[in-house]
Structure formats: structure tokens, C-alpha cells
Amino acid sequence: LTILNFLMVLYIHFKKQKLYTIEEVSKHNNKRSAWTIVNNKVYNITSLVNNFKHPGGNVIENAMGKDITNIFNNIGHSNFSKNLLEKFYIGKIKFI
């Protein structure tokens, strides 16, 4: 029964997975609506941009509407930062 519950959770998770194109994400490039891409995942970072003091200053604003995978992964973000980002997850990139 536990395995069945686990499979149901997986099914629901992937069934509801929202897909976005890079073009869609690129339209969310300002403080009113800020999305970013990291590792083919899309994050709505609007509240983060407006309410969080990033240790790097305004560098987070450079992420709005862009794929920042290389920068994010190469800068050496802490597990805290990675877990924080996951709270803003809204979907995945749709490759066309």
C-alpha cells in the first residue's frame, strides 16, 4: 500500500507539471513579474527580487527573464540558497 501511495504522488506531481518556453520566461523580466531558469526549471522569483537582500547586491535582478544555470551553479551557492530557490519553483522548460 505504501508503494501505491508513492506512485500516486509521483503521478499527480508529473501530471500537473507546468511547461514553459524560454520565450515565455523571457517576458517576465521586471520587478512586477520576475521569472528565471536554473537547470531547466522555472522559478517565479518576483517576491525574492522585491523582498530579499541578496548578499551579492542587485545581482539577482540580472536573473529576471533569463537562464542563469551556469552562473548559479558556478558561484557556489549554499544548500540554503538552493533550498530557498525550490520554494519558487513553478514548472519546467518546454523544449520545442
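None of these values were measured; they are calculated from a predicted model.

Novice: Hey, could you go over the environment of R32 for me, with residue numbers and the actual values?
Specialist: Along the chain, R32 turns up in the loop between strand 2 (29–30) and strand 3 (33–38). Measuring from C-alpha to C-alpha, the distance between R32 and N50 comes to 8.6 Å, with 18 residues separating the pair along the chain.

Novice: Can you lay out the pairing of strand 6 (residues 89–93) for me, pointing to particular residues and giving the numbers?
Specialist: As defined by bridge partners, strand 1 (residues 19–20) adjoins strand 6 across 2 bridges and the pair is classed as parallel. Paired with Y20 across the two strands is I93, which belongs to strand 6. Pairing of strand 4 (residues 41–44) with strand 6 involves 3 bridges; the strand directions are antiparallel. Looking at the pairing, V42 lines up with G91 of strand 6.

Novice: Can you lay out the nonpolar core for me, pointing to particular residues and giving the numbers?
Specialist: In terms of nonpolar packing, the biggest core is built from 14 residues, with V38, Y43, I45, L48, V49 and L85 touching the most fellow members. Those elements that place two or more of their residues in this core are strand 3, helix 3 (46–51) and helix 5 (79–86). Setting aside anything within four residues of it in sequence, one finds L48 in contact with I60, L84 and F88.

Novice: Can you break down the pairing of strand 3 residue by residue, with the values?
Specialist: When you tally the buried positions in strand 3, you get 5 out of 6 residues, the bulk of the element. Both strand 3 and strand 4 contribute to a ladder of 4 bridges, which runs antiparallel. Counted as the bridge partner of V38 is K41 from strand 4. Between strand 3 and strand 4, which pair antiparallel one after the other, the connecting turn spans 2 residues, and N39 there sits at a positive phi close to 55°. Summarising the sheet, strand 3 and strand 5 (residues 66–67) pair through 2 bridges and their orientation is parallel. Each bridged residue has a counterpart across the sheet, and for T36 the counterpart in strand 5 is K66.

Reading the values: the criteria
Numbers given for residues are sequential positions, taken from 1 along each chain in its written order. Whole-chain, interface and lining totals are the exception, using all residues; otherwise, since this is a predicted model, local features are given only for residues with pLDDT of at least 70 and side-chain atom pairs are given and counted only at 80 or more. Heavy atoms throughout the structure, all of them, feed into the side-chain values; hydrogens and water do not. Numbering of helices and strands runs from the N terminus; a helix is a DSSP stretch of H or I covering at least four residues, while a strand is a stretch of E covering at least two. At least two DSSP bridges between two strands are required for those strands to pair. To define a nonpolar core, start from buried Ala, Val, Leu, Ile, Met, Phe, Trp, Tyr and Cys residues and group those joined through side-chain atoms within 4.5 Å. To sort residues, take the accessible area from a 1.4 Å probe on protein chains only and compare it with the maximum for the residue type: under 20% means buried, over 50% means exposed, and anything in between is partly exposed. Note on contacts: a residue pair is in contact if any heavy atoms of the two residues lie within 4.5 Å.

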